[in-house]
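This is what each chain is made of:
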Amino acid sequence: MDSGFSATLEQLKQQGLYRSRTRIESSGEGVELLVDGKKLVNFCSNDYLGLAAHPDIIKACQQGCDQYGVGSGSAHLICGHSKPHHQLEEELAEFVGASRALLFSTGYMANMGVIAALMAHADCLYEDRLNHASLLDGALLSRARFKRYRHADTSHLHQLLATADSKGMVVTDSVFSMDGDIAPLPQLVEQTRQHNTLLMVDDAHGLGVLGENGRGALEHFGLDQHDVPVYMATLGKALGVFGAFVAGSDELIELLIQKARTYIFTTAMPPAMAEATRASLKIIQQESWRRDKLNMLVDHFRDTAAELELPLMDSITPIQPLLVGDAQLAMRLSQKLKEQGFFVSAIRPPTVPQGESRLRFTLSAHHETAHIDALLSTVAKLL
Ligand SMILES: *Cc1c(COP(=O)(O)O)cnc(C)c1O
């Protein structure tokens, strides 16, 4: 058995697809990490607003532990649903403008659970080809009929919907996690209305970042929750904490409580995490400078990359990928950047298609323009 395993591992190494973990020795508020005794400027975190180590959020977490202990003790439907969970659900629903919200322990589980639970009401799924793995796995797990449309291609989707013979659900990321571009949500809303089809949007990289008030991709486009019956977002990215939620109508949420297996059969997130997230949600609403600064940094990043003629992909979000092509080359660049003090991830298949390996830079409100200048001039030299 073990020799079979080693052969697989060897093959991955030869293809430049072997994965290993970088051990972070310490991190604090800000963008510097300690790795192997060396300081690196972090360009791969999803902590877009720089909240993961915010003192108010840490304090809320500590107080939550004091009051409720560390573990929740059980699933939500047994005895794991505490007051902070319930308050957080109400506050999230209000923030995104939905009737109700339901917490899940992770975004991966939310997507798997929601899609499977809704398949009794929509038995054909239409997904963007570049959707997050959890949405694709959710489709496979649900055993629904499953069609993928070309990335952000609403005319391809239209063709598929026009020939459909059963009720379906269209599922899309709002911001595509490996490309940073934004789905054409207004057109998707219109198409799903026209074809009487459900629409589910995964706003993992939009919530907190997009929109004037950080309400996410729907606010960015001037849409509201009635336009998107099934809205999902995560709490581990811009909110800097952990977990996820689904927002929608009263009926949707009640149905998920009854039917979503990844909600029912798993331990509730620690109540202290819910307290931490409540603190984060307050900061997101009070400190709009974080979004303003992030937007300024995105502009600066793109302008500087353009001056250096770097092959950036088309994105207005803090996810800024640089197309490299070859997986081995992407790995070597990432390694060289680490030696020069920058932590940047190389994204390779199967996360992205063959031949589309890339360096994926993510920006945070804690970066300064000088960090970006130093990074990009190093990248240009290495290339
Ligand atoms: C990160 C991510 C998820 C998974 O969320 P977790 O809480 O990390 O499990 C789901 N969808 C998208 C688009 C993501 O980027």
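Residues numbered from 1 in each chain as written. Predicted model: local features only at pLDDT ≥ 70, side-chain atom pairs only at ≥ 80, totals over all residues. Heavy atoms only, no water.

Some words on the side chain of His85
Link 1 in the chain: Along the chain, His85 turns up in helix 4 (residues 83-96).
Link 2 in the chain: A relative accessible area of 0% places His85 in the buried class.
Link 3 in the chain: For His85, the contacting residues outside a window of four places in its chain are Ser72, His76, Gly80, Leu103, Ala268, Met269, Pro270, Pro271 and Ala274. (Helix = DSSP H or I, 4+ residues; strand = E, 2+ residues; numbered from the N terminus. Buried < 20%, exposed > 50% of the residue type's maximum accessible area, 1.4 Å probe, protein only. Contact = heavy atoms within 4.5 Å.)

Comments concerning helix 8 (residues 185-194)
Link 1 in the chain: Where helix 8 is concerned, the buried positions are Leu185, Leu188, Val189, Gln191 and Thr192.
Link 2 in the chain: Contact partners of the buried residues in helix 8: strand 6 (145-149), helix 7 (154-162), strand 7 (168-173), strand 8 (198-202) and helix 9 (217-220).
Link 3 in the chain: With its phi angle positive at about 50°, Asn196 sits one or two positions after the end of helix 8.

Quick word on the pairing of strand 10 (residues 244-248)
Link 1 in the chain: Counting buried positions along strand 10 yields 5 of 5 residues, so the element is predominantly enclosed.
Link 2 in the chain: Side chains of strand 10 alternate between two faces, with Ala244, Val246 and Gly248 and Phe245 and Ala247 buried alike.
Link 3 in the chain: As judged from the 5 bridges shared by strand 4 (residues 100-104) and strand 10, these two strands associate in the antiparallel manner. Considered in strand 10, the bridge of Leu102 is made with Val246.
Link 4 in the chain: For strand 9 (residues 230-234) and strand 10, the ladder comprises 4 bridges, and the chain directions are antiparallel. Bridge pairing in strand 10 places Tyr231 opposite Ala247. (Pairing = 2+ DSSP bridges.)

With respect to the sheet that holds strand 5 (residues 124-128)
Link 1 in the chain: Spatially, the 7 strands line up as an open sheet ordered 4-10-9-8-7-5-6, and their pairing is mixed. Strand pairing shows two members of the sheet lacking a second neighbour, strand 4 and strand 6, which therefore form its edges. Neighbour-to-neighbour, the strand axes of the sheet open up by a mean angle of 20°, direction not taken into account.
Link 2 in the chain: Along the sheet face, helix 6 (residues 133-142) touches strand 5, strand 6, strand 7 and strand 8 and points at about 165° away from the line of strand 5. (Axes fitted to C-alpha atoms, helices over the stretch in contact; angles between N-to-C directions.)

Examining the sheet that holds strand 14 (residues 357-362)
Link 1 in the chain: The antiparallel open sheet is built from 3 strands, whose spatial order is 11-14-13. One side of each edge strand has no neighbouring strand; the edge strands of this open sheet are strand 11 (319-325) and strand 13 (345-347). Ignoring strand direction, the axes of neighbouring strands in this sheet form an average angle of 30°.
Link 2 in the chain: Here strand 13 pairs with strand 14 via 3 bridges, running antiparallel. Bridged to Ile347 within strand 14 is Arg358.
Link 3 in the chain: In the packing of helix 14 (residues 327-339) onto the sheet, the strands contacted are strand 11, strand 13 and strand 14, and the crossing angle to strand 14 comes to about 35°.

A look at the pattern of salt bridges
Link 1 in the chain: Following the criterion strictly, the structure yields 11 salt bridges and no others.
Link 2 in the chain: Arg278 is the salt-bridge partner of Glu91, the closest N and O atoms lying 2.8 Å from each other. Placement of the pair is Glu91 in helix 4 and Arg278 in helix 12 (residues 271-286), with a sequence separation of 187 residues.
Link 3 in the chain: Overall, the relative accessible area of 26% leaves Glu91 in the partly exposed class.
Link 4 in the chain: Between Asp153 and Arg150 there is a salt bridge, and its shortest N-O distance comes to 3.2 Å. (Salt bridge = Lys/Arg side-chain N within 4 Å of Asp/Glu carboxyl O.)

Describing the side chain of His205
Link 1 in the chain: Along the chain, His205 turns up in the loop between strand 8 and helix 9.
Link 2 in the chain: Residue class for His205 comes out buried when judged on its relative accessible area of 6%.
Link 3 in the chain: Engagement of the side chain of His205 in a polar contact is seen with the side chain of Tyr48, the distance being 2.6 Å.
Link 4 in the chain: Discounting residues that sit within four places of it in the chain, His205 has contacts with Asn46, Tyr48, Val175, Ser177, Lys237, Ile319 and Arg360. (Polar contact = N/O pair within 3.5 Å; in protein donor to acceptor, adjacent residues only side chain to side chain.)

Here's the deal with the packing of helix 5 (residues 107-118) against helix 6
Link 1 in the chain: Relative to each other, helix 5 and helix 6 sit at 35°, their axes nearing to 8 Å. Both helix 5 and helix 6 take part in a crossing whose hand is right-handed. Contacts from Tyr108, Asn111, Met112, Ile115 and Ala116 of helix 5 reach helix 6 at Ala133, Ser134, Leu135, Asp137, Gly138, Ala139, Leu141 and Ser142.
Link 2 in the chain: Here the contact of helix 5 with helix 6 is composed, by residue class, of 8 nonpolar, 4 polar and 1 charged. (Left-handed = near helix turned anticlockwise from the far one by under 90°. Nonpolar A, V, L, I, M, F, W, Y, C, P; charged D, E, K, R; others polar.)

Some thoughts on helix 13 (residues 289-307)
Link 1 in the chain: Over its 19 residues, helix 13 extends 27 Å from the first C-alpha to the last, a length consistent with the 27 Å expected when each residue adds 1.5 Å.
Link 2 in the chain: Three or more residues of helix 13 are buried, namely Arg290, Arg291, Lys293, Leu294, Leu297, Val298, Phe301, Thr304 and Ala305. Buried residues of helix 13 fall within an arc of 160° about the axis and therefore sit on the same side. Summarising the geometry of helix 13, the exposed residues directed more than 90 degrees from the buried face are Asp292, Ala306 and Glu307.
Link 3 in the chain: Those residues of helix 13 that are buried are in contact with helix 12, strand 11, strand 14 and helix 15 (369-382).
Link 4 in the chain: One or two steps after helix 13, the chain reaches Glu309, where phi turns positive at roughly 55°. (Expected span 1.5 Å × (residues − 1). Arc of directions from axis to C-beta.)

Considerations on the pairing of strand 3 (residues 38-42)
In regular strands, side chains alternate between the two faces of the sheet.
Link 1 in the chain: Where strand 2 (residues 32-35) and strand 3 come together, 4 bridges link them in antiparallel fashion. Directly across from Glu32, in strand 3, lies its bridge partner Val41.

Looking at the domain arrangement of the protein
Link 1 in the chain: According to the domain assignment, the protein consists of domain 1 (20-48 + 288-382) and domain 2 (55-286).
Link 2 in the chain: Between the C-alpha centres of domain 1 and domain 2 the distance comes to 26 Å.
Link 3 in the chain: Counting residues at the interface gives 21 residues for domain 1, matched by 24 residues for domain 2.
Link 4 in the chain: Surface buried jointly by domain 1 and domain 2 totals about 1,600 Å² across both partners, of which 59% is contributed by carbon and sulfur atoms.
Link 5 in the chain: Three residues, Tyr48, Arg291 and Thr317, lead the burial of domain 1 against domain 2; their summed loss comes to 33% of the area buried on that side.
Link 6 in the chain: The interface formed by domain 1 and domain 2 holds 1 salt bridge in total.
Link 7 in the chain: With its nearest N and O atoms 3.0 Å apart, the salt bridge here joins Arg358 to Asp179.
Link 8 in the chain: Breaking the side of domain 1 that touches domain 2 down by element, the ones donating at least two residues are helix 13, strand 11 and strand 14.
Link 9 in the chain: Per-element accounting of the side of domain 1 that touches domain 2 gives the leading share, 3 residues, to helix 13. (Domains from an automatic or database assignment. Buried area = accessible area lost by both parts, 1.4 Å probe.)

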